[in-house]
Amino acid sequence: MDVSGYGEATAAKRAADLRDLIRRHDYLYYVLDRPEISDREYDMLFRELVRIEERFPGLRTQDSPTQRVGGAPLPVFQSVRHRYPMRSLGNAFEAEEIRAFDRRVRGILGESSAVEYVVEPKIDGLSVSLVYQDGVFVQGATRGDGETGEDVTENLRTIRSIPLRLRPEGGRPARMECRGEVYMPMRAFQRLNEERESDGEAPFANPRNAAAGSLRQLDPRVTAGRRLAALVYDLRYWEDQGRAAVSTHLEGLRLLEELGFAVPIHRSFESIAGAIAYLEEWAGRRGELPYEIDGMVIKVNDISQREILGSTAHSPRWAIAFKYPPEQAVTRVVDVSIQVGRTGVLTPTAILEPVRIAGSTVGRATLHNEDIIREKDVRIGDYVLVQKAGEVIPEIVSVLKERRTGAETPFAMPRKCPECGADVVRFEGEAAARCTGVSCPAQLREGIIHFASRDAMNIEGLGPAIVAQLLDNGLVRDVADLYYLGRDDFVKLERMGDKSASNMVEAIRKTKDNPIGRLVFALGIRHVGDKVAGLLADRFTSMEALASAGREELKSIPEIGDKIAESVVGFFRQDQTREVLRKLAAAGVRMKNEPEREGPRPFAGKRFVVTGTLSTMKRHEAEKVISDLGGQVMSGVSRTTDYLVVGADPGSKYEKALELGTTILSEDEFIEMAGKDHAIGG
Ligand code: IVH
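Conventions used here
Residues numbered from 1 in each chain as written. Predicted model: local features only at pLDDT ≥ 70, side-chain atom pairs only at ≥ 80, totals over all residues. Heavy atoms only, no water. Helix = DSSP H or I, 4+ residues; strand = E, 2+ residues; numbered from the N terminus. Rg over C-alpha atoms; globule rule 2.2 N^0.38 Å. Buried < 20%, exposed > 50% of the residue type's maximum accessible area, 1.4 Å probe, protein only. Contact = heavy atoms within 4.5 Å. Lys, Arg positive; Asp, Glu negative; His and termini not counted. Charge placed at Lys NZ, Arg CZ, Asp CG, Glu CD. Salt bridge = Lys/Arg side-chain N within 4 Å of Asp/Glu carboxyl O. 1 Å grid on protein atoms, 1.4 Å probe; cavity = no way out; pocket = protein on both sides within 12 Å on 5 of 7 lines; lining within 4 Å. Points joined across faces, edges and corners; volume = space filled by probe spheres on them. Nonpolar A, V, L, I, M, F, W, Y, C, P; charged D, E, K, R; others polar. Arc of directions from axis to C-beta. Pairing = 2+ DSSP bridges. Near = heavy atom within 4 Å. Polar contact = N/O pair within 3.5 Å; in protein donor to acceptor, adjacent residues only side chain to side chain. Areas by Shrake-Rupley, 256 points an atom, 1.4 Å probe, with all protein chains shown as cover. Core = buried A, V, L, I, M, F, W, Y, C linked by side-chain atoms within 4.5 Å. Axes fitted to C-alpha atoms, helices over the stretch in contact; angles between N-to-C directions. Left-handed = near helix turned anticlockwise from the far one by under 90°.

Engineer: Got a minute to help me understand the overall build of the chain in this structure?
Structural biologist: Scanning the chain from terminus to terminus reveals 25 helices and 24 strands. Against the globule reference of 26 Å for 682 residues, the chain gives a C-alpha radius of gyration of 27 Å, in line with a compact fold. Within the chain, the fraction of its 682 residues that count as buried is 49%. Long-range pairs, those at least 24 residues apart, make up 68% of the contacts in the chain between residues at least 6 apart in sequence. Taken together, the 95 basic and 104 acidic charged side chains of the chain have centroids lying 2 Å from each other.

Dropping the structure here:
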C-alpha cells in the first residue's frame, strides 16, 4: 500500500488496474450480491487507489470508484429536460381490471397475435433517468414533472449499484439512457431512523420519503452516507453503430444486467391468467423483498407491439401497475410505554389491542417522539389506523377522531426517566427527549446489547434477556466486565444450564480477536456507525492512536466532518472510556489491527458454516483456520454459503444445507482443504 515509490507511469497503470478490480468487486457485491473478497481486502484496494490519486491528482478520472464519496455541495440543482418524457403508469386494484387491460391490448394488436407479459415489482422509490456517454455515467436526473427533472448526477454517483462505467460485456454504446428506481433498502431505512432518533432528529415516515430526502440533498456527502440502492427496469435509448437495440423487454433486462446494473426480479407469462396468479402470490410475499413495493407492474414484452400500442398523455398503453392494498387495520391504543435507548433517548411506543395485519399480529406501534404524538393527536383510548410496511415496526397513520367518547387521555412525556428517575430534558432544536442520568441502567443495558449485537462484537447468544439478568445480578457494570465473567456467573442466571453457561463464556472469548473496527463500532460512539468505525480503524489501526487523535486529524478522512470528529474526541476524553478500554485490553481484547497476513489464502471469498462436534479441534479453532486462510465464517446456512463443515451430531444447519444443495465437508475433507499445517491447533 505504500505508493510513494511509484513513478507516474507505474502509478497510472496500477490505478487503472485497481479501478477495474474495484469495479468488478462492486459489481459482485452490490449487483450480484456474491462478494468474492472480504470487506477488508476491498478496503485495502480502495485505499491504495485513493493514495495514488492523492499523489497524482492528474490521474483522477470522473468514473473512478473513489468519486463515489460525494463531491462539493451545489448551490441549487440544475434542471434537465428529458429526451423522452418520463410517464407514469395506469393503476389497477382488482384482477378484473388486469383482464380488461389484457383485452384492450389484444383489441389493439388484433386477437390473433400472441402477447407475452413480464411482471416485476413496483418499487416504492423515486424514478431516475441515467445517461451514459461512451460508457461513462454523465448525467442522472429525477423525474420531476415528467418533462423536466433535477440534475442529481453527483448524488447518484454515490450509489454503488449504479455503475460509473458500463461493463464492456454489454457492448459500448455511444450514448445510452436507462431508467429505474432509487430506493432505500429496508435495513438501511431502519438504521437511519434509529440514528436520527438518537440524534434527536425527526425520523422519516417511510423508506420512500427517506430515499427522496437523501437523493435531493445539495451536499452529495450526505447522500453518500445514506446507503441508497437502485434497480433499473427500462432501457430507454441506445445509440450504437452496428448493433441494434433489443427487441423485447426481457432482452433489455438481460442487456442492462450485462452492462452492470441491478435489475428487479421478473418473470414472463404467455397468458394473463398466469400473470394474475403471480401478482396475487406476491401480495402475501412482499415482506420477503429487501425493499418496499406498493404493487407489481405488468408490461408487454415485445417492443414492436409496444410501439403499436403507444401511450396516452399520461401513461403507456403497454403497461399497468397492479396496486396492493396498504397493509392497514383499525385498533385501539390501550397505553403508551416509554423505552430508554442506549443514548438516553426516550421513545414512546403505543400499546395496542392486538390486531392482525398482513398475516401477523401487531400489538405495538412506534410513536417516534413527542412532536409526532402531538401532530397526530394520539391519545390513550383512541381508535387508530395502523399501518405495517414490510419489516418496519408498525406505525399509526391517523386517529379516528369521530370515535372518541371523551374518555381518552392525552399523553405527556414523563419529566423523570422511568428507569432511573433522573431528569428528562429536551435540547434546543432536537425532537428527542433524553434521560440525563449518567448511570442510567437502561442506557447501560442497551449499550451492552448493542456491544454484543451481530454487526458489533457479534457475541452469539448474548441477547436482551441475558443482558438484563447480568445487570440485575450486579455481574456487569460496563461492557468490559463481560470478558471477566466465568461459567459460574452464568450458571446463576435463570434457565441457564452448565452447557449453555460454557457456551456463553466461549462465545464471549471468541470475540476478543475481532478486528478493531468492530470494537470501535461496538463502543457505541454517537454518530459512529459500522462504516465510519471501519474507516477509523483503517486509518488509525490501534485504539491508542484513535483515542489520542485530534479533531483535524480525524477530519482528514473525507467521510468525517465536524459532527463525528467532535463526538469521537469527546468520547475518548471521558475517564469512563479510558477505564473501559484499559479493562478490555487487560482482558486480552485486541486493541490494534495486525498487518495484513502474508501467505496463502486458499479460502478467499468463500463462506463457511461449521456445525456439530469436531474430533480434532474445537469449533472456534476451525473458524480461526477459515478466517486465517481468507474465508468468511457465517453463523447460519443460506444460499450464499459455499461450504458446511460437519462434525458429529449436526443439527438443523445440516438439514438446511442438504435442502439448499450446499457443499458439505467432513472434518477430514476440511483439514485436507486447509492443508495440514493449518489445521491443528489453529
Ligand atoms: S415502468 C412509462 N417498472 O412507478 C412508465 N415503473 O407510476 C414506465 N416504478 O414513475 C415505468 N417500479 O417510478 C416501471 N418495475 C417498474 C417500476 C416502476 C416502480 C415507478 C416509476 C414510475 C411509476 C409509475
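From this point on, the discussion continues.
Engineer: Would you mind going over the pattern of salt bridges with me for this structure?
Structural biologist: Side chains that differ in charge, positive against negative, can pair when their charged atoms come close. Using the criterion set out here, one finds 50 salt bridges in the structure. The residue arginine 99 makes a salt bridge to glutamate 96 at a minimum N-O spacing of 3.0 Å. Of this pair, arginine 99 and glutamate 96 both sit in helix α3 (residues 95–109), three residues apart, which is roughly one turn of that helix. When its relative accessible area of 36% is taken as the criterion, arginine 99 is described as partly exposed.

Engineer: In this structure, what is going on with empty space enclosed by the protein? I would like to understand it.
Structural biologist: Rolled over the atoms, a probe with the dimensions of a water molecule shows which regions are left empty. In the structure shown here, the tally under the stated rule is two cavities of 30 Å³ or more. Forming the walls of the largest cavity are Glu197, Gly200, Glu201, Pro203, Val345, Leu346, Thr347, His368, Asn369, Ala431 and Ala432. In terms of residues, the lining of the largest cavity owes the most to one element, strand β13 (residues 345–357), which gives three residues. Residue composition of the lining of the largest cavity, by class: five nonpolar, four polar and two charged. In this model, the second largest cavity occupies a volume close to 40 Å³. Lining the second largest cavity, in full, are Ala188, Leu192, Glu195, Gly225, Arg226 and Arg227. Residue classes in the lining of the second largest cavity are distributed as two nonpolar, one polar and three charged.

Engineer: So what exactly am I meant to see when it comes to helix α22 (residues 619–628) here?
Structural biologist: Helical geometry: 3.6 residues make up each α-helical turn, so side chains three or four residues apart lie on a common side. The set of residues buried in α22 consists of Ala622, Glu623, Val625 and Ile626. Considered in projection along α22, the buried side chains sweep an arc of 155° and stay on one side of the axis.

Engineer: Even after reading the chapter, I still don't get the pairing of strand β12 (residues 328–340), so can you show me in this structure?
Structural biologist: Side-chain positions along a regular strand alternate between the two faces of the sheet. Of the strand pairs in this sheet, β12 and strand β16 (residues 383–387) are connected by five bridges, and their pairing is antiparallel. Of the residues in β16, the one forming a bridge with arginine 332 is tyrosine 383. Note: β12 against β13, seven bridges, orientation antiparallel. Within β13, the position partnered with serine 337 by the bridge is threonine 349. Count of turn residues in the β12/β13 antiparallel hairpin: four residues, of which glycine 344 carries a positive phi of about 85°.

Engineer: How should the site of the ligand be read in this particular structure?
Structural biologist: Around the ligand, 13 residues are found, and the nearest of them are Leu89, Glu120, Ser127, Glu181 and Lys299. Lysine 122 is positioned with one of its side-chain polar atoms (N or O) 3.3 Å from an oxygen atom of the ligand. Between the ligand and glutamate 181, the relevant distance is 2.8 Å, taken from an oxygen atom to a side-chain nitrogen or oxygen of the residue. Considered on its own, the ligand offers 520 Å² of accessible surface; in the complex 88% of this is hidden by protein. Broken down by element, the residue count for the shell around the ligand peaks at four residues, all from strand β3 (residues 117–123). The residue inventory of the shell around the ligand, partitioned by class, reads six nonpolar, two polar and five charged.

Engineer: Whenever I open this one, the nonpolar core confuses me. Can you help?
Structural biologist: As a rule of thumb, nonpolar side chains are buried together in soluble globular proteins. Residues Ile459, Leu536 and Leu584 are the most contacted members of the largest nonpolar core, which totals 57 residues. Mapped by element, the contributors of at least two residues to this core are α12 (441–452), α13 (464–472), α15 (498–510), α16 (516–522), α17 (530–540), α18 (543–547), α20 (562–573) and α21 (575–586). Of all the elements, α20 adds the most residues to this core, at six residues. Contacts of leucine 536, omitting those with residues within four sequence positions, involve Val520, Val528, Thr541, Leu546, Leu554, Ile557, Ile560 and Val568.

Engineer: So what exactly am I meant to see when it comes to the packing of helix α1 (residues 8–31) against helix α2 (residues 39–55) here?
Structural biologist: Between two packed helices, both the angle of their axes relative to each other and the distance between the axes serve to describe the pair. Packing of α1 against α2 brings their axes to within 10 Å, and their N-to-C directions diverge by 145°. Two packed elements cross with a definite hand, and for α1 against α2 that hand is left-handed. Every residue of α2 that contacts α1 at Ala11, Arg14, Ala15, Leu18, Arg19, Leu21, Ile22, His25, Asp26 and Tyr29 is listed here: Asp39, Tyr42, Leu45, Phe46, Glu48, Leu49, Ile52 and Glu53. Of the residues contributing to the contact of α1 with α2, the split by class is eleven nonpolar, one polar and six charged.

Engineer: Any chance you could explain the sheet that holds strand β24 (residues 663–666) here in plain terms?
Structural biologist: Whether parallel or antiparallel, the strands of a sheet pair through hydrogen bonds between backbone atoms. The sheet built from four strands is open, its strands ordered β22-β21-β23-β24 with parallel pairing. Since the sheet does not close on itself, it has two edges, and those belong to β22 (632–633) and β24, each with one partner. Where strand β21 (residues 607–611) and β22 come together, two bridges link them in parallel fashion. Residue pairing for β22: phenylalanine 608 is matched across the bridge by valine 633.

Engineer: Hey, could you run me through the environment of alanine 412 in this one?
Structural biologist: Mapped onto the secondary structure, alanine 412 falls in the loop between β18 (409–410) and β19 (424–425). It is 15 Å that separates the C-alpha atoms of alanine 412 and valine 345, two residues lying 67 residues apart in sequence.

Engineer: Is there a simple way to think about the pairing of strand β5 (residues 136–142) in this case?
Structural biologist: Taken across its seven residues, β5 has five buried, putting it largely inside the fold. Relative to β5, strand β4 (residues 126–133) runs antiparallel, the two being bridged by six bridges. Its bridge partner being in β5, leucine 130 is matched across the sheet by glycine 140. The hairpin turn running from β4 into β5, its antiparallel successor, is two residues long, and aspartate 134 in that turn takes a positive phi close to 50°.

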